[in-house]
Amino acid sequence: MGCDGGTIPKRHELVKGPKKVEKVDKDAELVAQWNYCTLSQEILRRPIVACELGRLYNKDAVIEFLLDKSSEKALGKAASHIKSIKNVTELRLSDNPAWEGDKGNTKGDKHDDLQRARFICPVVGLEMNGRHRFCFLRCCGCVFSERALKEIKAEVCHTCGAAFQEDDVIVLNGTKEDVEVLKSRMEERRLRAKLGKKTKKPKAAESVSKSDVSEETPGPSKMKTGKPEETSLDTREKTNSAPKSAAHGIASGKAVKRSIANSEESEAYKSLFTTHSSAKRSKEESAHWVTHTSYCF
């Protein structure tokens, strides 16, 4: 059966053995991780951002994902931990002067060197092609090689001078163990942020209630404090000033009439009031039944 013409079949052609596990090409995997967006599978172009797990994205793709979280996108699982634009950090990358890109390969007859990377470490000069471990600082977004951080130990960023802690260092495209460590840090960080928000709310309510109480009740500075002798003198001055004010027309009408009539003021001052004799009209000047107002005279 099928062996005509003197062909001799071999054992592996007749006996079906176990299937071989397909091995992923490491070079192709590194190129996909460091040159393409994890979410949209497009070539990385600035602005480039990274999540708290160390994956690289195009910022436009992340914004589109946050605006349209449809279940049809299979690649959306890779960015399911991104809840807002605050969960990603825009990277400050240093260009590689030796990288030409597609400029010298316009005809397609030139070999593309996959080891050549677009970006390098600004401190050591290592290329960011996946052969060396790279990390970025979550506080400022500067990218360095892990070798640079180990050789030059400092608590300040080598490029911008921003202070950072060990928790701010995130490995880019790390191993499974690195991703697990970063995931646990991310969960702890978000839990701390939630607890901080909950504690801020009751404090804000207490401050508002205290301000209301302070407005209703005057403080000790506003209360009148003094010796009993001083207070008694103030009360005496007030009582003495009361008849003077009544004499000048501040008190009630009856008190004003009596005080003006009996006062020793000048006649010009007394003529200003209706109780003065000059203000009284005679019977001839008074109004009659036709002209009942005094303004007609």
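Here goes a summary of the coordinates provided. Bear in mind the structure is a predicted one, so any value in this text is a computation, not a measurement.

1. Topic: the overall build of the protein chain
Scanning the protein chain from terminus to terminus reveals eight helices and eight strands. Within the protein chain, buried positions represent 23% of all 297 residues. Put simply, of all contacts in the protein chain between residues at least 6 apart along the chain, 45% involve residues at least 24 apart.

2. A short note on the pattern of salt bridges
According to the stated counting rule, one finds eleven salt bridges in the structure shown. Ionic pairing is found between Lys59 and Glu90, a salt bridge with its closest N-O pair at 3.4 Å. Within this pair, whereas Lys59 is found in helix α3 (residues 59–67), its partner Glu90 is found in strand β3 (residues 89–90), the two being separated by 31 residues in sequence. Since its relative accessible area comes to 26%, Lys59 is described here as partly exposed. By relative accessible area, Glu90 is classed as partly exposed at 41%.

3. Considerations on the sheet that holds strand β7 (residues 143–145)
The three strands lie next to each other as β7-β6-β8, forming an open sheet whose pairing is antiparallel. Two strands in the sheet have a free side with no partner beyond their single neighbour: β7 and β8 (169–171). Adjacent strand axes in the sheet meet at a mean angle of 35 degrees when their direction is disregarded. Where strand β6 (residues 134–137) lies against β7, three bridges are found, and the strand directions are antiparallel. Each residue of the ladder has a partner; that of Phe134, found in β7, is Ser145.

4. Here we look at the sheet that holds strand β1 (residues 48–50)
Read from one edge to the other, the open sheet built from three strands follows the order β2-β1-β3, with strand pairing classed as antiparallel. Two strands bound the open sheet, and with one partner strand each, they are β2 (56–58) and β3. Bridge count for β1 against β2 is three bridges, and the pairing is antiparallel. When the bridges of β2 are listed, Ala50 appears paired with Leu56. Its contacts with the sheet place α3 against β1, β2 and β3, and it is angled at close to 80 degrees to β2.

5. Notes on a nonpolar patch on the surface
Residues Ile63, Leu67 and Ile85 make up a contiguous nonpolar surface patch of about 290 Å² in total accessible area. Within the element layout of this structure, Leu67 appears in helix α3.

6. A closer look at empty space enclosed by the protein
According to the stated counting rule, one finds three cavities of 30 Å³ or more in the structure shown. By volume, the second largest cavity amounts to about 40 Å³.

7. Considering unusual backbone geometry
For the bond from Arg46 to Pro47, the omega torsion is 0 degrees, close enough to zero to count as cis. For Pro47, the location among the structural elements is in the loop between α2 (26–35) and β1. Phi is positive for Gln41, which is not a glycine, with a value near 60 degrees. Mapped onto the secondary structure, Gln41 falls in the loop between α2 and β1. By relative accessible area, Gln41 is classed as partly exposed at 45%. Residues other than glycine seldom take positive phi values, yet Asn173 does so here, at roughly 50 degrees.

8. Describing the pairing of β6
Strand residues, when the strand is regular, have side chains that alternate between the two faces of the sheet. Across the two faces of β6 the burial is the same, with Phe134 and Phe136 and Cys135 and Leu137 all buried. From the end of β6 to the start of β7, which pair antiparallel, there are five residues, and Gly141 there has a positive phi angle of about 90 degrees. Bridge analysis of β6 against β8 gives three bridges, and the strand direction is antiparallel. Bridge pairing in β8 places Phe136 opposite Ile170.

9. So, the side chain of Asn58
Within the element layout of this structure, Asn58 appears in strand β2. Among the polar contacts listed, one links the side chain of Asn58 to the backbone oxygen of Ile43, at a separation of 3.3 Å.

10. A few points about the layout of surface pockets
Taken as a whole, the second largest pocket spans an internal volume of roughly 440 Å³. Taken together, 17 residues make up the lining of the second largest pocket; nearest its centre are Glu146, Leu149, Glu166, Val169 and Arg185. Looking at the lining of the second largest pocket, the elements with two or more residues in it are α4 (146–151), β8 and α5 (176–216). Along the lines of polarity and charge, the residues of the lining of the second largest pocket split into nine nonpolar, one polar and seven charged.

So, how was this worked out
Residues numbered from 1 in each chain as written. Predicted model: local features only at pLDDT ≥ 70, side-chain atom pairs only at ≥ 80, totals over all residues. Heavy atoms only, no water. Helix = DSSP H or I, 4+ residues; strand = E, 2+ residues; numbered from the N terminus. Buried < 20%, exposed > 50% of the residue type's maximum accessible area, 1.4 Å probe, protein only. Contact = heavy atoms within 4.5 Å. Salt bridge = Lys/Arg side-chain N within 4 Å of Asp/Glu carboxyl O. Pairing = 2+ DSSP bridges. Axes fitted to C-alpha atoms, helices over the stretch in contact; angles between N-to-C directions. Patch = residues over 30% accessible without salt bridge, like charges linked within 9 Å, V, L, I, M, F, W, Y side chains within 5 Å. Areas by Shrake-Rupley, 256 points an atom, 1.4 Å probe, with all protein chains shown as cover. 1 Å grid on protein atoms, 1.4 Å probe; cavity = no way out; pocket = protein on both sides within 12 Å on 5 of 7 lines; lining within 4 Å. Points joined across faces, edges and corners; volume = space filled by probe spheres on them. Polar contact = N/O pair within 3.5 Å; in protein donor to acceptor, adjacent residues only side chain to side chain. Nonpolar A, V, L, I, M, F, W, Y, C, P; charged D, E, K, R; others polar.

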